[in-house]
Amino acid sequence: MNFSSLAFLFLFLPITVILYQCIPAKGRYPFLILVSFFFCAVSGPLHAIVLLGSVFVNYILGFLIAKNRGQSKKAKLFLTLSIIINVAFLAFFKYSGLFVSTFSSLTGIRAAFSVALPLGISFYTFHAISFAVDVYRGTPLPGVLNFTTYMVLFPKLIQGPIMPYHQFLPQAHAARSSAEDISRGIRRFLCGLAKKVLIANSLFSLYQQLYEHMSDSGTLGAWFCLVAYSLFIYFDFSGYTDMALGIGNMLGFTLPENFNYPYTSRSISDFWRRWHMTLGSWFRDYLYIPLGGNRKGTLRTVLNLLIVWSLTGFWHGASWNFLLWGIYYFVLLVIEKFLFRGKLEKVRVLNHIYVVFFVCMGWILFSCSDLQAAGAWIKALFTVQNGVVLSQDSMSILFAYLPTICIAVIGCLPYGKRLYNKVLSSRRTAWIDFIVSVIVLVVCVAAIVSGSYSPFLYAAF
């Protein structure tokens, strides 16, 4: 079930929120668990079965870790077992097909293997590892209902945000959300819905049209194609995050922020402090620091960064281009850390241009599983083929999408939000927010009904 589907908007979500408010406190977590498993099972019974298996295995391992916490060797053994099982689980479902096909292509031996990718497994596997590590470090073992809710809570199930267990624990109560929580949640949800339905879907259509005619669209056509994809991926993923945080508010949960205007960053390091923030925090707290971080000399720091960014890239998808994408960022970050040494962030304007340029170039590796196609795209960016800078067809397409591009560029910057909040700071203008919310909902529904739909990109990871 998709957050931007009519069934979700007018049946699943309102019914869930209303019933959650009406159910007595003791029944709210069981209700959320049932609802979340139903949400997962709608996409196929396998998804719910795998999720249930993960919950069962990880709670038992967490119990064993907590029980043996005073005996460090035993606790460490069960922690290691938990990490191995979760990583093996993820590797089997997500990467086994890639490894088999790679082996087949290298050896010439015909082999085929495919298995359906369970919904949200990349995200809830990281939640499970976080739980095991946090319990090992001393976080109290939760009850079965609290843990299951943490693992399966449907707003963050498919695409996060990734929430470490020690952050969830203080919220482990079944209190009703207030009217203010629900109102704030609705506004945040509608903001995300507009990002996805009105902007991201339109940008994706523009990207597809320009990409299909890359060979004859001209140099500027290739650049606009890259801009369209770069804006699309931001509005698609941040839109989902806004919707997830909004639903969390409606249910009384505060999920962590995942984006902070990343295209305004002053360095690549700063970009990753602003883009997919919970993933970066997870790798920092549960991998980079335990490996030694930057405390064991330059060579060890570089090795730790290589491990973290290789896994960050590979986590995004079962294709070798994602590994290269992660290594690409490793190289950029090493150069920043040891060559620029923090000086880059002090160079105004140029540092923003530098960040946007290299981030956009990285999206080519991210989007093209075929390295030959990626090479052709890069070539089209820096060469003028047949004397064409921008073809007539590409120009017509761009003019049709120009309003969307302008809105998207403005939406990447914080100024519009600041101005809107300033207008709403007075009680006399509060009615504007209600009118805007109603208009956004109506326009989004009209867009969904018209059939201009594409699935969330990160849902495939």
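Note that the structure is predicted; figures quoted are calculated from it, not measured.

Conventions and cut-offs
Residues numbered from 1 in each chain as written. Predicted model: local features only at pLDDT ≥ 70, side-chain atom pairs only at ≥ 80, totals over all residues. Heavy atoms only, no water. Phe/Tyr/Trp six-rings, centres within 6.5 Å; stacked < 30°, edge-to-face > 60°. Helix = DSSP H or I, 4+ residues; strand = E, 2+ residues; numbered from the N terminus. Buried < 20%, exposed > 50% of the residue type's maximum accessible area, 1.4 Å probe, protein only. Lys NZ or Arg CZ within 6 Å of the ring centre and 35° of its normal. Axes fitted to C-alpha atoms, helices over the stretch in contact; angles between N-to-C directions. Parallel < 35°, antiparallel > 145°, perpendicular 65-115°, else oblique. Contact = heavy atoms within 4.5 Å. Nonpolar A, V, L, I, M, F, W, Y, C, P; charged D, E, K, R; others polar. 1 Å grid on protein atoms, 1.4 Å probe; cavity = no way out; pocket = protein on both sides within 12 Å on 5 of 7 lines; lining within 4 Å. Points joined across faces, edges and corners; volume = space filled by probe spheres on them.

For the structure shown, the criterion picks out 64 aromatic pairs. Note on tyrosine 229 and phenylalanine 232: the rings are 5.8 Å apart at their centroids and 55 degrees apart in plane angle, and the pair reads as tilted. Of this pair, tyrosine 229 and phenylalanine 232 are both found in helix α9 (residues 219–250), 3 residues apart, which corresponds to roughly one turn of the helix. Residues tyrosine 234 and phenylalanine 259 carry aromatic rings whose centres are separated by 5.9 Å and whose planes lie at 80 degrees to one another, so their mutual orientation is edge-to-face. Separated by 25 residues along the polypeptide, tyrosine 234 in helix α9 and phenylalanine 259 in the loop between α9 and α10 (268–274) bring together distant segments of the chain. Note on tyrosine 234: relative accessible area 3%, which makes it buried. If you follow lysine 94 out to its NZ or CZ, it ends over the ring of tryptophan 315, 5.3 Å from the centre. Over the aromatic face of tyrosine 150 sits the side chain of lysine 156, whose NZ or CZ is 4.8 Å from the ring centroid.

As a further point, take the packing of helix α2 (residues 25–41) against helix α3 (residues 45–67). Between α2 and α3, whose axes approach to 7 Å, the crossing angle comes to 135 degrees. In terms of orientation, α2 and α3 fall into the oblique class. Along the contact surface, α2 presents Phe37, Cys40 and Ala41, while α3 presents Pro45, His47, Ala48, Leu51 and Leu52. Considering only residue class, the contact of α2 with α3 consists of 7 nonpolar, 1 polar and no charged.

With that out of the way, let us pick up the layout of surface pockets. To find leftover empty space, one rolls a probe the size of a water molecule over the atoms. In this model, the largest pocket occupies a volume close to 1,300 Å³. Contributing to the lining of the largest pocket are 34 residues, with Cys191, Lys195, Asp242, Lys417 and Tyr420 lying nearest its centre. Mapped onto the lining of the largest pocket, the elements with two or more residues apiece are α8 (179–212), α9, α16 (392–411), α17 (415–423) and α18 (430–449). A per-element tally of the lining of the largest pocket places α8 first, with 9 residues. Residues that form the lining of the largest pocket fall into these classes: 16 nonpolar, 10 polar and 8 charged. Here the second largest pocket defines a volume of roughly 720 Å³. Lining the second largest pocket are 26 residues, with Ser269, Trp272, Arg273, Trp309 and Leu333 sitting closest to its centre.

Remember, this is a structural readout, not a statement about activity or role.
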